[in-house]
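One letter stands for each residue in the lines below.
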Amino acid sequence: MANTSMPGEQDMSVPQVDNNFSSKSGDGDGKFIRPPAFYDAWQKGEGIPIYKAYHIDDMNEVELAPWKRFGCNAAFVNLADPFITTSIIIEIAPDQKTEMIQHMFESWCFVVKGSGETIVEQPGHARQIVRWGKRSLFGPPLNTRYQHINTGSEPARILMVTNAPLTMNLYHNEKFVFDNPFVFEDRFAGEQGFFNEGITKLGGRVVRTNFIPDTLEFKLIQWKDRGFGAKSFHMSMSGHTMAAHLSEFEVGTYKLAHRHGPSAHVILLKGTGYSLLWKEGMEPVRVDWKENSLFCPPEWTFHQHFNTGPEPARYLALRRGGSPEHPLRIGMTGGAGAPDQIEYPEEPRWIYDMYEEELRKNGVTIQQPRQEYKNERNTILRPTEITRSKSATVSSS
């Protein structure tokens, strides 16, 4: 498979391992050989494709293979820094269903295409049914038993973003993760209507809801702190510690450059454009995106999103931690006095110039004014030639 790492980044290829997942690296003599992480070894033993990149051009085009555990076609998608959260794409044929499954890691379910329902069970309670369609978002509560059913006439494809790497590497025991009877009644106690589409406003840009029927239709509010024409909302869902937010920016605008910890999976819901990604002092890499693109900025890497199309651009971000109601600090959130956001007056002039030229090619007029520059960041190097990210196209099984 092509190496799609950021310049200076380490190739995240999964090593060859034995199926017994033994942590024994030798007999005590000679050089110590570090074993692979448990999750990496477990992935290798599941027998489905493993994609390694930080950009998927179109989630509908990812090739899948039969996965015995879920009873449907699937593939692992390891984007940048997949040591806390990572993703899995599954596809269910018309009139088919997955196996009943439960696990001790949290999972988001985003419906890429298709329609169907998910049965959620908790011992001692009546089963719940979640009826979903394209762009729906929900999360089975932790360690509940659930089963996806395709009720439509086309294949249903679901993106799962999970914290399985963190959970499985912590306990390194498959039975504990997939065959654990513990019931998290504080997260879900069989409440009727748990997955109703209603919302509870918690203040500011934060709501609680356990099901969003269509993330494209969810109403957002302005968030000027992230840039001109920006809107957003953060969601607390299913008692997860994993975080989720929706963001949108208007025609002819771009967002402020920022950076944070690893494993923020960015799913494009509508619009066309590009994002620039760079580490301090290095030339940016460009990721072009459209509806159903998926990418993940590497840890502590600046990234900046640009809308080049004739309609507002909207994305969903599913992240490792930072749930509004269940805060969990894990991974880098800020660092050593270095700013995690670059304001417009501090960015180099070429960023605005390049964006304006891209809009001109598309017949779109820029809507945000050029700022009066001061304290320009000379560590953001203007690329002599933009390097474009290559989408993952080859799998290793």
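For the structure itself, look to the data block above.
Description of the structure in this document. (Residues numbered from 1 in each chain as written. Predicted model: local features only at pLDDT ≥ 70, side-chain atom pairs only at ≥ 80, totals over all residues. Heavy atoms only, no water.)

1. A closer look at a nonpolar patch on the surface
- A cluster of nonpolar residues, L170, Y171 and F176, forms a patch on the protein surface that exposes about 290 Å² of accessible area.
- Tracing the sequence through the fold places F176 in helix α3 (residues 174–178).
- Residue F176 is classed as partly exposed on the basis of its relative accessible area of 31%. (Patch = residues over 30% accessible without salt bridge, like charges linked within 9 Å, V, L, I, M, F, W, Y side chains within 5 Å. Areas by Shrake-Rupley, 256 points an atom, 1.4 Å probe, with all protein chains shown as cover. Salt bridge = Lys/Arg side-chain N within 4 Å of Asp/Glu carboxyl O. Helix = DSSP H or I, 4+ residues; strand = E, 2+ residues; numbered from the N terminus. Buried < 20%, exposed > 50% of the residue type's maximum accessible area, 1.4 Å probe, protein only.)

2. Here's the deal with unusual backbone geometry
- Despite not being glycine, R135 shows a phi value in the positive range, around 75°.
- Inspection of the secondary structure assignment puts R135 in the loop between β8 (128–132) and β9 (137–138).
- For S238, which is not glycine, the phi dihedral falls at a positive 55°.
- In this fold, S238 is placed in the loop between β16 (230–236) and β17 (243–249).
- Residue classification places S238 among the buried residues on the basis of a relative accessible area of 1%.

3. Points about the packing of aromatic side chains
- Scanning all chains against the criterion turns up 22 aromatic pairs.
- Note on Y171 and F176: the rings are 4.5 Å apart at their centroids and 40° apart in plane angle, and the pair reads as tilted.
- Among the residues examined, Y171 registers a relative accessible area of 40% and is labelled partly exposed.
- Taking the centre distance of 5.1 Å and the plane angle of 70° together, the rings of Y254 and Y355 count as edge-to-face. (Phe/Tyr/Trp six-rings, centres within 6.5 Å; stacked < 30°, edge-to-face > 60°.)

4. Overview of helix α4 (residues 349–362)
- A rise of 1.5 Å per residue sets the reference length of α4, with its 14 residues, at 20 Å; its end C-alpha atoms lie 21 Å apart and thus fit the reference within 8%.
- Residues of α4 that are buried include every one of W350, I351, Y352, M354, Y355, E358 and L359, and no others.
- Looking at the buried side of α4, the elements it contacts are β20 (273–278), β21 (285–289) and β23 (302–307).
- One or two positions beyond α4, positive phi appears at G363, with a value near 70°. (Expected span 1.5 Å × (residues − 1). Contact = heavy atoms within 4.5 Å.)

5. Side note on the sheet that holds strand β10 (residues 145–150)
- On the basis of which strands lie adjacent, the open sheet formed by three strands has the order β8-β7-β10 and antiparallel pairing. Sheet topology places β8 and β10 at the edges, where each strand pairs with a single neighbour. Across this sheet, the average inter-strand angle for adjacent strands is 20°, counted without regard to direction.
- Here five bridges tie strand β7 (residues 116–121) to β8, and the two strands are oriented antiparallel to one another. Paired with V120 across the two strands is Q128, which belongs to β8. (Pairing = 2+ DSSP bridges. Axes fitted to C-alpha atoms, helices over the stretch in contact; angles between N-to-C directions.)

6. Some thoughts on helix α1 (residues 38–45)
- Summarising burial for α1: six of the eight residues are buried, a large majority.
- Within the sequence span of α1, burial applies to F38, Y39, A41, W42, Q43 and K44.

7. Quick notes on the packing of α1 against helix α2 (residues 164–171)
- As a packed pair, α1 and α2 sit with axes 8 Å apart at the nearest point and diverge in direction by 110°. One element, α1, and the other, α2, form an angle in the roughly perpendicular class. Mapping the contact onto sequence places F38, Y39 and W42 in α1 and A164, P165, M168 and N169 in α2. (Parallel < 35°, antiparallel > 145°, perpendicular 65-115°, else oblique.)

8. Looking at the pairing of strand β24 (residues 313–319)
- A large share of β24 lies buried, amounting to seven of its seven residues.
- The alternating pattern of β24 places A313, Y315, A317 and R319 and R314, L316 and L318 on opposite faces, both of which are buried.
- Both β17 and β24 contribute to a ladder of seven bridges, which runs antiparallel. Across the sheet, residue A243 finds its bridge partner in β24, namely R319.
- Examined bridge by bridge, strand β19 (residues 265–270) and β24 share five bridges and lie antiparallel to one another. Its bridge partner being in β24, I267 is matched across the sheet by L316.

This is a description of form; function is not addressed.
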